[in-house]
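Overview (structure and organization)
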Amino acid sequence: MVEDAAIACAHTMGMGDRKHSDRVAVESMRKTMDTVAMRGTIVIGEGERDEAPMLYIGEKVGRVPASGELEFPEVDIAVDPLEGTNLCATGTQNAITVMAASERGGLLHAPDCYMEKIIVGSSARDVIDLEAPVGDNLKRIARRLDREVDDLVVVVLDRPRHEKLIADIRTAGARIRLIGDGDLSAGISAAVAGTGVHAVFGSGGAPEGVLAAAAMRCLNGEILGRLVVTGPEQRERMKSMGIRDPDAIYTARELAPGKEILFAATGVTEGNLLKGVRFFGDGVRTHSLVMANNTGKVRFIDSIHVDKKSKNSLRLFRS
Ligand code: FBP
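Residues numbered from 1 in each chain as written. Predicted model: local features only at pLDDT ≥ 70, side-chain atom pairs only at ≥ 80, totals over all residues. Heavy atoms only, no water.

1. A look at the nonpolar core
Leu107, Ile188, Met216, Ile223, Leu255 and Phe263 are the most contacted members of the largest nonpolar core, which totals 49 residues. Here the element with the most residues in this core is helix α7 (residues 206–219); it accounts for ten residues. Residues lining this core come from more than one domain, with at least three contributed by each of domain 1 (2–104 + 262–318) and domain 2 (114–257). With 21 residues, the next largest nonpolar core counts Val127, Val154, Val156 and Leu224 among its residues. (Core = buried A, V, L, I, M, F, W, Y, C linked by side-chain atoms within 4.5 Å. Buried < 20%, exposed > 50% of the residue type's maximum accessible area, 1.4 Å probe, protein only. Helix = DSSP H or I, 4+ residues; strand = E, 2+ residues; numbered from the N terminus. Domains from an automatic or database assignment.)

2. Observations regarding the site of the ligand
In the neighbourhood of the ligand, 15 residues make up the surrounding shell, with Gly84, Thr85, Tyr114, Asp181 and Asp183 lying closest. Interatomic distance of 2.8 Å between a backbone N/O atom of Gly205 and an oxygen atom of the ligand. A molecule is said to occupy a pocket when more than half its atoms come within 2 Å of that pocket's grid points, and by this definition the ligand occupies the largest pocket. Along the lines of polarity and charge, the residues of the shell around the ligand split into three nonpolar, five polar and seven charged. Shared between two domains, the shell around the ligand holds at least three residues of each, these being domain 1 (2–104 + 262–318) and domain 2 (114–257). (Near = heavy atom within 4 Å. Polar contact = N/O pair within 3.5 Å; in protein donor to acceptor, adjacent residues only side chain to side chain. 1 Å grid on protein atoms, 1.4 Å probe; cavity = no way out; pocket = protein on both sides within 12 Å on 5 of 7 lines; lining within 4 Å. Sits in = over half its atoms within 2 Å of the grid points. Nonpolar A, V, L, I, M, F, W, Y, C, P; charged D, E, K, R; others polar.)

3. Comments concerning the sheet that holds strand β10 (residues 249–250)
Judged by pairing direction, the sheet is mixed, and its six strands sit side by side in the order β7-β6-β8-β5-β9-β10 without closing on themselves. Each end of this open sheet is capped by a strand with a single partner; those strands are β7 (175–179) and β10. Looking at chain direction, strand β5 (residues 114–120) and strand β8 (residues 199–205) are connected through seven bridges and run antiparallel. Bridge pairing links Met115 to Gly204 in β8. Against the sheet, helix α4 (residues 134–144) makes contact with β5, β6 (153–157) and β8, and its axis sits at roughly 135° relative to β8, the strand it touches most. Contacts from helix α6 (residues 183–190) reach β5, β6, β7 and β8, with the element oriented near 155° to β8. (Pairing = 2+ DSSP bridges. Contact = heavy atoms within 4.5 Å. Axes fitted to C-alpha atoms, helices over the stretch in contact; angles between N-to-C directions.)

4. Concerning the side chain of Thr195
Mapped onto the elements of the fold, Thr195 is located in the loop between α6 and β8. A relative accessible area of 9% places Thr195 in the buried class. From its side chain, Thr195 meets the backbone oxygen of Val192 in a polar contact 3.0 Å long.

5. So, the domain arrangement of the chain
Each domain of the chain was delimited in the assignment, giving domain 1 (2–104 + 262–318) and domain 2 (114–257). For domain 1 versus domain 2, the separation of C-alpha centres amounts to 24 Å. Counting residues at the interface gives 22 residues for domain 1, matched by 21 residues for domain 2. Approximately 1800 Å² of surface area, both sides summed, lies buried where domain 1 meets domain 2, with 69% of it carried by carbon and sulfur atoms. Considering only the surface of domain 1 that becomes buried against domain 2, Glu83, Asn272 and Leu273 emerge as the three largest contributors, covering 27% of it. Inspection of the region where domain 1 meets domain 2 yields zero salt bridges. (Buried area = accessible area lost by both parts, 1.4 Å probe. Salt bridge = Lys/Arg side-chain N within 4 Å of Asp/Glu carboxyl O.)

6. Some details on the environment of Ala206
With respect to the helices and strands, the residue Ala206 is situated in helix α7. Filtering out sequence-adjacent residues up to four positions away, Ala206 remains in contact with Ala110, Pro111, Cys113, Tyr114, Met115 and Leu227.

As structure tokens, then:
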């Protein structure tokens, strides 16, 4: 599913049209969804039914059982068919396609608002505190990673709202990687050794926060997130969506409480976590991350999708 969406939207890389890139990814993911044997419900998707023609919140997806087949399992699904629409449209690093699934009720129905976040990998999972000063968090993370604060690389979305946060990180002495978009891919990277990302700080999309939480459940990392409530109307809407305390600080286990969580992502453009889609005449090569919380297995999958019409097998393994 994530592979097909990545291949589809990778064709639009650099076209400069983020909406088109997103549409192509959504259509591809929606089509593949109905090939899967499940009674799926989209809980994080492209928005409300009246804003999005497909993969909208509440949409039912999955293959209908053939006569004689048993009922398929009920599954909640969170998708970001193209995380980093601008990144794809401009051919910039770290655009990915993402999907997470769990049993019913296993993923928080987060509204489309901002969420303040700190995301770290397993070593620092129990020392972060969203209410503590940035410098204190960085000292604790550095200690857990057995390094100095000035060795840390912290990823922050490059936004005016982060001016103070960026100043605080600079004062603490950590290095910063400012990104144009894509705090979900950065968050996953923070929990994967060797990516050169040690933490993500700042506010980004709440839906991306839930997807990051699903990834953290599989990687043993942590996300602390607090919804950014803009007014009483939004607070009421949150409550009607089942969020009991809109001001609470959520952990990965609260954002993605499912007993069984599956997570998959495929690189669209080249990135520090996943390679981008490569087209080579006789086929396509994709790089994906596939994991589940209860198997303890994190798989990086390098796939070659052979063009069935091609007769030239020798060229298949060019990257
Ligand atoms: P899209 O893929 O929808 O373009 O979102 C990209 C993104 O950068 C997310 O990674 C991030 O959580 C959010 O947008 C930040 O929102 P904003 O651009 O409003 O600061």
